[in-house]
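The primary structure of each chain is shown beneath.
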Amino acid sequence: MTETKSLIWDETFPSLLLKGEGTVAFLHGQTTADVFAQKQLEKHFLSCWLSTKGSLKALLEIRISNNIAEIVIISGEIKSIIDGFESVIFPADKVKLEVVKPIRRIQKINNYESWKESIPFWIGTDDLIDDHISYCTKATKEELEIWKIRQGIPRFDREINGEANPYELGLGDIIELDKGCYLGQEAIARFFRSKSLKYQLRCWEAYGQPDDFDIGKTLLSTNQDNELKKKVGFITSSIEMNENFLYGLALIRNNYIDKDICYSEKYESITLKKPISFTLPF
């Protein structure tokens, strides 16, 4: 029997470097991770960078060694992060920000466990590549796009839209509530105390014309003209998998997330599912 090779996520991401004896303290105050605790574990870890109102601005993967932090931008705009960090770095922080060359990142993927649970590898030199991926098959662009949607990985200018907070996007497991002050912490604390969200991220699939499922399209509660139609959410990502079969992500109003079906503006039936990696802390 021929053994099927594992699929890998093989992608190159923009990267930043923070250097100096104040690096850990600075990142601790700028992101949702307990960076002091993560430093002791000496491994890659995920963290969110937020606005002051608690909306997600970037999803970061970080590795710390001594007084250096390497930051891979999984989702987000590098210029916004640079501007945001530089605006709050002062001489007393004892930290310096550098833009470095993009980092190639590889990770085994599947459709039954969260991508957050799999160990990634950062490839810095060509002589390491074969050791990590010779036993794997690189996912095609389409396979990777579908996998990211199933996982619910938020992307800049789609799910990361300037409004959605990390809980709404299923990133509650990478927010450390007991770490003390950080950018956006007051808003996150309010969301957690209230246990109430406006939206939650969901995967959707439907048959229809691609134009009917464009990003930003409204989703409705019913397809019956004689019933009160409610707007239950909107599409944030969309891909055509086969002819007239589409797949994507949508932000669904919290009071409608227990429903499995909604409808497009042209009344096509849409099936909703929770993304594989979606988690809440409450």
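Residues numbered from 1 in each chain as written. Predicted model: local features only at pLDDT ≥ 70, side-chain atom pairs only at ≥ 80, totals over all residues. Heavy atoms only, no water.

The full count for this structure, using the stated rule, is ten aromatic pairs. Ring plane angle 65 degrees and centroid distance 5.9 Å describe the contact between Phe192 and Phe282, whose orientation is recorded as edge-to-face. Taken together, the positions of Phe192 in helix H6 (residues 185–194) and Phe282 in the segment after strand E13 (269–273) put the pair 90 residues apart, joining distant regions of the chain. What makes Phe282 partly exposed here is its relative accessible area of 32%. Here the aromatic cluster, defined as three or more aromatic residues joined through ring pairs, consists of Trp9, Phe13, Trp115 and Trp147. The aromatic ring of Trp9 is capped on one face by Arg105, whose charged end is 4.6 Å from the ring centroid. Residue placement shows Arg150 over the ring face of Tyr247; its charged tip is 5.6 Å from the ring centre. (Phe/Tyr/Trp six-rings, centres within 6.5 Å; stacked < 30°, edge-to-face > 60°. Helix = DSSP H or I, 4+ residues; strand = E, 2+ residues; numbered from the N terminus. Buried < 20%, exposed > 50% of the residue type's maximum accessible area, 1.4 Å probe, protein only. Lys NZ or Arg CZ within 6 Å of the ring centre and 35° of its normal.)

By the criterion of burial, helix H1 (residues 23–30) is predominantly enclosed, with six of the eight residues buried. Within H1, burial applies to Thr23, Val24, Phe26, Leu27, His28 and Gln30. Each element contacted by the buried residues of H1 is listed here: strand E1 (6–19), helix H2 (35–41), strand E2 (45–50), strand E3 (56–65), strand E4 (68–75) and helix H3 (78–86). (Contact = heavy atoms within 4.5 Å.)

Another point: the nonpolar core. In terms of nonpolar packing, the biggest core is built from 39 residues, with Trp9, Leu56, Ile74, Trp115, Trp147, Leu169 and Leu171 touching the most fellow members. Ignoring anything within four residues of it in the chain, the contact list for Ile74 reads Trp9, Phe13, Leu59, Leu60, Glu61, Arg105 and Trp115. Of all hydrophobic cores here, the second largest spans 21 residues; its members include Leu16, Ala69, Phe85 and Val95. (Core = buried A, V, L, I, M, F, W, Y, C linked by side-chain atoms within 4.5 Å.)

With respect to the secondary-structure elements, Gln30 resides in helix H1. Looking at Gln30, its side chain comes within polar contact range of the side chain of Trp49, at 3.5 Å. If near-sequence neighbours (up to four positions away) are discounted, Gln30 is found in contact with Cys48, Trp49, Phe85, Val88 and Leu183. (Polar contact = N/O pair within 3.5 Å; in protein donor to acceptor, adjacent residues only side chain to side chain.)

Every other side chain in a regular strand lies on the same face of the sheet, so the side chains alternate between the two faces. Most of strand E11 (residues 245–253) sits inside the fold, with eight of its nine residues counted as buried. Bridging between strand E10 (residues 231–242) and E11 involves eight bridges; their strand directions are antiparallel. Bridge pairing in E11 links Asn242 to Phe245. Two successive antiparallel strands, E10 and E11, enclose a turn made up of two residues, where Asn244 displays a positive phi of approximately 65 degrees. (Pairing = 2+ DSSP bridges.)

The next subject is a nonpolar patch on the surface. Taken together, the side chains of Ile119, Phe121 and Tyr135 present a nonpolar region at the surface, about 290 Å² in accessible area. Within the secondary structure, Phe121 is located in strand E6 (residues 121–123). By relative accessible area, which is 31% here, Phe121 ends up partly exposed. (Patch = residues over 30% accessible without salt bridge, like charges linked within 9 Å, V, L, I, M, F, W, Y side chains within 5 Å. Areas by Shrake-Rupley, 256 points an atom, 1.4 Å probe, with all protein chains shown as cover. Salt bridge = Lys/Arg side-chain N within 4 Å of Asp/Glu carboxyl O.)

Glancing now at unusual backbone geometry. Positive phi values are uncommon outside glycine, yet Lys195 reaches one of about 55 degrees. Checked against the element boundaries, Lys195 lands in the loop between H6 and strand E8 (199–207). At Tyr267, a residue that is not glycine, the phi angle is positive and equals roughly 70 degrees.

Quick look at the pattern of salt bridges now. If you walk through the whole model with that rule in mind, you get 13 salt bridges. We note a salt bridge from Glu11 to Lys148, for which the minimum N-O separation is 2.8 Å. Linking Glu11 in strand E1 with Lys148 in helix H5 (residues 141–151), this pair joins segments that are 137 residues apart in sequence. Take Glu11: its relative accessible area is 24%, and that puts it in the partly exposed class. Here Lys148 falls in the buried class, since its relative accessible area comes to 11%. With its nearest N and O atoms 3.4 Å apart, the salt bridge here joins Lys266 to Asp212. With Lys266 in the loop between strand E12 (261–263) and E13 and Asp212 in the loop between E8 and strand E9 (218–220), the pair connects residues that are 54 residues apart, well separated along the chain. Assessed through its relative accessible area of 58%, Lys266 is described here as exposed. Connected through shared salt-bridge partners, Glu145, Arg155 and Arg158 make up one network.

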